[in-house]
Amino acid sequence: MSLDLSSPALASASLVTLVALITYQGLAMAVGQARLRYGVRPPATTGPDGFERVLRAQQNTLEQLPVFLPALWLASLYADPRVAGITGMVWVGARIAYAVGYAQAPEKRAPGFALSFLASTLLLVLAAVGLIQALGA
């Protein structure tokens, strides 16, 4: 099997991966800004609630990336790259909404978290079904 580097599967998964990583970097930068704003010096990971919420949004996104990225790529390669790409962008948007909501108040994080969790789950299901079909072919 040869890989066509211009294939829609690779292009859409690559774009979503890049946007997800840029989003994560933005969240890491937000933690640095929150450290300055709240006077929390490294290596401390505790401080005022506002700082801890920004830190948790970044950490939770990091915790979700090991599920999201492989699921995105497998769904792109073995299922429908267009659906996987759209679902991946939904995940990114939901993670941004999660982080913005969490920075405002803990209860505002729930919609973004739920939507990103659903997007990851859909990618996992797409990947599993596509891979099972490929193995059965």
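Refer to the structure printed above.
Residues numbered from 1 in each chain as written. Predicted model: local features only at pLDDT ≥ 70, side-chain atom pairs only at ≥ 80, totals over all residues. Heavy atoms only, no water.

Bringing the packing of aromatic side chains into the picture now. Taken as a whole, this structure holds four aromatic pairs when the rule is applied. Ring centres of Phe113 and Phe117 lie 6.3 Å apart, and the angle between their planes is 15 degrees; on these two criteria the pair is classed as stacked. Taken together, the residues Phe113 and Phe117, both in helix H4 (residues 110–136) and four residues apart, mark about one turn of the helix. According to the relative accessible area criterion, Phe113 is partly exposed, its value standing at 30%. You can call Phe117 partly exposed: its relative accessible area is 48%. (Phe/Tyr/Trp six-rings, centres within 6.5 Å; stacked < 30°, edge-to-face > 60°. Helix = DSSP H or I, 4+ residues; strand = E, 2+ residues; numbered from the N terminus. Buried < 20%, exposed > 50% of the residue type's maximum accessible area, 1.4 Å probe, protein only.)

Judged by side-chain polarity, Leu74, Leu77, Tyr78, Leu131 and Leu135 come together as a nonpolar surface patch covering roughly 440 Å² of accessible area. Top contributing element to the nonpolar patch by residue count: helix H2 (residues 49–78), with three residues. Position of Leu135 relative to the elements: it lies in helix H4. Residue classification places Leu135 among the exposed residues on the basis of a relative accessible area of 68%. (Patch = residues over 30% accessible without salt bridge, like charges linked within 9 Å, V, L, I, M, F, W, Y side chains within 5 Å. Areas by Shrake-Rupley, 256 points an atom, 1.4 Å probe, with all protein chains shown as cover. Salt bridge = Lys/Arg side-chain N within 4 Å of Asp/Glu carboxyl O.)

A few words on unusual backbone geometry. Note the cis peptide between Pro42 and Pro43, where omega equals 10 degrees. Counting through the fold element by element, Pro43 comes out in the loop between helix H1 (8–38) and H2.

It is at 8 Å that the axes of H2 and H4 come closest, and there the two elements cross at 35 degrees. As H2 runs across H4, the sense of the crossing is left-handed. Taken together, the residues of H4 that come into contact with H2 (itself represented by Asn60, Gln64, Val67, Phe68, Ala71, Leu72, Leu74, Ala75 and Tyr78) are Phe113, Ser120, Leu123, Leu124, Leu126, Ala127, Gly130, Leu131 and Ala134. Considered class by class, the residues forming the contact of H2 with H4 number 14 nonpolar, four polar and no charged. (Axes fitted to C-alpha atoms, helices over the stretch in contact; angles between N-to-C directions. Left-handed = near helix turned anticlockwise from the far one by under 90°. Contact = heavy atoms within 4.5 Å. Nonpolar A, V, L, I, M, F, W, Y, C, P; charged D, E, K, R; others polar.)

Residue placement: Glu52 occurs in helix H2. Residue Glu52 is classed as partly exposed on the basis of its relative accessible area, which comes to 28%. Here Glu52 is in contact with Thr45, Thr46 and Gly47, once residues within four sequence places are set aside.

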